[in-house]
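Chain residues, written in single-letter form:
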Amino acid sequence: MLPVSIVITTHDQCDLLRRHLPVFLEQDYGGDVEVVVVDMNSTDDTKTYLEQMVGRTPNLRVIPTPESARNISPTRLALTLGFRAATHDWVIVTQA
């Protein structure tokens, strides 16, 4: 199977991440899977939850969006950062 990067964009969706992120991380794909979560400056418990998950999951990376980027759509910026962080040629994009 081809290696795949899964890019997940999120903003204040900690409850959804708690429910769905483990499914992405624990799937039996048969190839290399990395999960890149791009947090768009969440103000809920998203950052804390992701920090805990990174410590337990080697195939998870978390990318924060810079607060100084004001002239670009937050979603467009998050997707750009996610694509740049992805290490595999095949990228799947989803939301929390």
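For the structure given in this document, a descriptive report is provided here. (Residues numbered from 1 in each chain as written. Predicted model: local features only at pLDDT ≥ 70, side-chain atom pairs only at ≥ 80, totals over all residues. Heavy atoms only, no water.)

Soluble globular proteins tend to bury their nonpolar side chains together. Ile8, Leu21, Val35, Val37, Tyr49 and Leu60 are the most contacted members of the largest nonpolar core, which totals 15 residues. Secondary structure elements with two or more residues in this core: β1 (4–10), α1 (14–26), β2 (33–39) and α2 (46–56). If near-sequence neighbours (up to four positions away) are discounted, Leu21 is found in contact with Ile8, Leu16, Val35, Val37, Tyr49, Leu50, Met53 and Leu60. With 9 residues, the next largest nonpolar core counts Val7, Val38, Ile63 and Leu77 among its residues. (Core = buried A, V, L, I, M, F, W, Y, C linked by side-chain atoms within 4.5 Å. Buried < 20%, exposed > 50% of the residue type's maximum accessible area, 1.4 Å probe, protein only. Helix = DSSP H or I, 4+ residues; strand = E, 2+ residues; numbered from the N terminus. Contact = heavy atoms within 4.5 Å.)

Quick look at the pairing of strand β3 (residues 60–64) now. Each regular strand shows side chains that alternate between the opposite faces of the sheet. Here β2 pairs with β3 via 5 bridges, running parallel. In the sheet register, Val37 faces β3, and the bridge partner there is Val62. Traced from β2 through α2 to β3, the parallel crossover comes out right-handed. (Pairing = 2+ DSSP bridges. Right-handed = clockwise from strand over helix to strand, strands pointing away.)

What follows is about the sheet that holds β1. Two orientations exist for strands paired in a sheet by backbone hydrogen bonds: parallel and antiparallel. One open sheet holds the 4 strands; their spatial order is β3-β2-β1-β4, and the pairing between them is parallel. Among the strands making up the open sheet, the edge pair consists of β3 and β4 (90–95). Strand after strand, the sheet turns through a mean of 20° between neighbouring axes, direction not considered. By the bridge criterion, 7 bridges tie β1 to β2 in an arrangement that is parallel. Opposite Ser5, over in β2, you have Glu34 as the bridge partner. Contacts from α1 reach β1, β2, β3 and β4, with the element oriented near 175° to β1. Each of β1, β2, β3 and β4 touches helix α3 (residues 74–85); the most contacted strand, β2, lies at about 150° to it. (Axes fitted to C-alpha atoms, helices over the stretch in contact; angles between N-to-C directions.)

Quantified by volume, the largest pocket comes out at close to 170 Å³. Surrounding the largest pocket, Asp39, Asn41, Ser42, Lys47, Leu50, Glu51, Val54, Val62, Pro64 and Glu67 form its lining. When contributions to the lining of the largest pocket are tallied by element, the ones reaching two or more residues are α2 and β3. A per-class count over the lining of the largest pocket returns 4 nonpolar, 2 polar and 4 charged. (1 Å grid on protein atoms, 1.4 Å probe; cavity = no way out; pocket = protein on both sides within 12 Å on 5 of 7 lines; lining within 4 Å. Points joined across faces, edges and corners; volume = space filled by probe spheres on them. Nonpolar A, V, L, I, M, F, W, Y, C, P; charged D, E, K, R; others polar.)

Right, let's talk about the packing of α1 against α2 for a bit. Running from N to C, α1 and α2 point in directions that differ by 20°, and their axes come no closer than 10 Å. When the interaxial angle is binned, α1 and α2 end up roughly parallel. Every pair of crossing elements has a handedness; the one defined by α1 and α2 is right-handed. Between α1, through Cys14, Leu17, Arg18, Leu21, Pro22 and Leu25, and α2, the contact on the second element is made entirely by Thr46, Tyr49, Leu50 and Met53. In the contact of α1 with α2, the residues fall into 8 nonpolar, 1 polar and 1 charged. (Parallel < 35°, antiparallel > 145°, perpendicular 65-115°, else oblique. Left-handed = near helix turned anticlockwise from the far one by under 90°.)

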